[in-house]
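# What the coordinates show
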Amino acid sequence: MTERTFAIIKPNAVRSALVGEILSRYETARLRIAGAKLLHASREKVAGFYAEHEGRPFFEGLCSFMSSGPILVLALEGENAIADVRALNGATDPAKAAPGTIRHAYGPSMGSNVVHSSDSTESAAREISYWFSPDELFSYVQKSSVADE
Ligand code: IDP
Ligand code: MG
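Report on the accompanying structure. Per-chain numbering applies: the sequence of each chain, read as written, is numbered from 1 onward. Chain A is the first chain written and ligand 1 is the first ligand written, with later ones labelled in order. Since the coordinates come from a predicted model, pLDDT governs what is reported: local features require at least 70, and pairs of side-chain atoms require 80 or more to be given and counted, while whole-chain, interface and lining totals use all residues. Computation of side-chain values: all heavy atoms of the structure, hydrogens and water removed.

## Description of the side chain of R103
- We count a stretch as a helix when DSSP gives it H or I for four or more residues in a row; a strand needs E for two or more, and each element gets its number in order from the N terminus. For R103, the position within the fold is in helix α6 (residues 102-106).
- Definition of a polar contact: a pair of N or O atoms within 3.5 Å, with one able to donate and the other able to accept a hydrogen when the atoms are protein atoms, and with sequence-neighbouring residues admitted only if both atoms are side-chain atoms. Separated by 3.1 Å, the side chain of R103 and the backbone oxygen of G90 make a polar contact.
- In terms of polar contacts, R103 uses its side chain to reach the backbone carbonyl oxygen of V115, at 2.7 Å.
- When neighbours within four sequence positions are excluded, R103 is seen to be in contact with K10, N89, G90, A91, T92, P94, A97, N113, V115 and H116. Residue contacts follow a heavy-atom distance rule, with two residues in contact if any of their heavy atoms lie within 4.5 Å.

## Points about the side chain of N12
- As for its position among the elements, N12 is in helix α1 (residues 11-15).
- Polar contacts involving the side chain of N12 include one to the main-chain carbonyl oxygen of S112, which spans 3.0 Å.
- Beyond its immediate sequence surroundings of up to four residues, N12 is in contact with F65, P108, S112 and V114.

## Considering the site of ligand 1
- Surveying the vicinity of ligand 1 reveals the residues K10, Y50, H53, F58, L62, R86, T92, R103, M110, G111 and N113.
- Within the side chain of T92, a nitrogen or oxygen atom sits 2.5 Å from an oxygen atom of ligand 1.
- Contact with the protein chains hides 78% of the accessible area of ligand 1, taken as 520 Å² for the molecule alone.
- Taken together, the residues of the shell around ligand 1 sort by class into 4 nonpolar, 4 polar and 3 charged. Put simply, a residue is near a molecule or strand once any heavy atom of it comes within 4 Å of that molecule or strand. To be clear on the numbers: accessible area is Shrake-Rupley with a 1.4 Å probe, and residue cover counts the displayed protein chains and nothing else. Under the grouping applied here, Gly and all other residues not named as nonpolar or charged are polar, the nonpolar ones being Ala, Val, Leu, Ile, Met, Phe, Trp, Tyr, Cys and Pro and the charged ones Asp, Glu, Lys and Arg.

## Points about the nonpolar core
- Throughout this description, the term nonpolar core refers to a set of buried Ala, Val, Leu, Ile, Met, Phe, Trp, Tyr and Cys residues connected via side-chain atoms within 4.5 Å. Type-normalised accessible area, obtained with a 1.4 Å probe on protein chains alone, sets the label of each residue: buried when under 20%, exposed when over 50%, and partly exposed for intermediate values. Grouped together as the largest cluster of nonpolar side chains are 20 residues, with contacts concentrated most on F6, I8, Y50, M66, V73, W131 and F132.
- Secondary-structure elements contributing two or more residues to this core are β1 (2-9), α3 (43-49), α4 (59-66), β3 (71-79) and α7 (121-131).
- It is α4 that contributes the most residues to this core, 5 residues altogether.
- Judged by nonpolar contacts, the second largest core, of 17 residues, contains A13, V85, I102 and V115.

## What to know about helix α5 (residues 81-89)
- When α5 is considered as a whole, its buried residues turn out to be A81, I82, V85 and N89. Projection of α5 onto a plane perpendicular to its axis shows the buried side chains occupying an angular sector of 100°, all on one side. Facing away from the buried side of α5 by over 90 degrees, the exposed positions are A83 and A87.
- Its buried side turned inward, α5 meets β1, α2 (19-28), β3, α6, β4 (115-117) and α7.
- Just past α5, the residue G90 takes up positive phi, approximately 95°. Taken from the helix axis, the directions to the C-beta atoms give the arc we talk about.

Structure below.
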């Protein structure tokens, strides 16, 4: 089923010049970039995004880290996009992430694990609308080679 999911390239990955590498992995997996914005979120904006984790021991550190610099927020569209982006990103703890995943390749620790992605249909819908307005989202056909147009 064609669906959209939400992803973030976290501040340490932006600072480490990994934006191109990570976007390339998503595009190579036939995911289409439906929305993309570089922004520096406030602590309050991040806290609202991660509201489900409020009260957990890592919450304050997570909010500080995620508001420490620019992030790239993404809406990604494709067949099974939600599960596929979770699989490409890998397990939350980079030490447990499977070889070949983004977190395995680049994640230094659980707290700064390079990328985020939605874990369900419901969270994908909530997260996309939390960061994007409808006029910032686009659908188009992805070609397997560069179109002569
Ligand atoms: P997910 O990003 O794989 O969906 P969640 O459990 O939703 O993982 O946690 C959100 C984020 O909070 C994680 O990506 C990670 O950066 C951070 N986090 C989760 N658990 C821990 C922890 O035990 N220590 C430090 N950071 C954590
Ligand atoms: Mg999560």
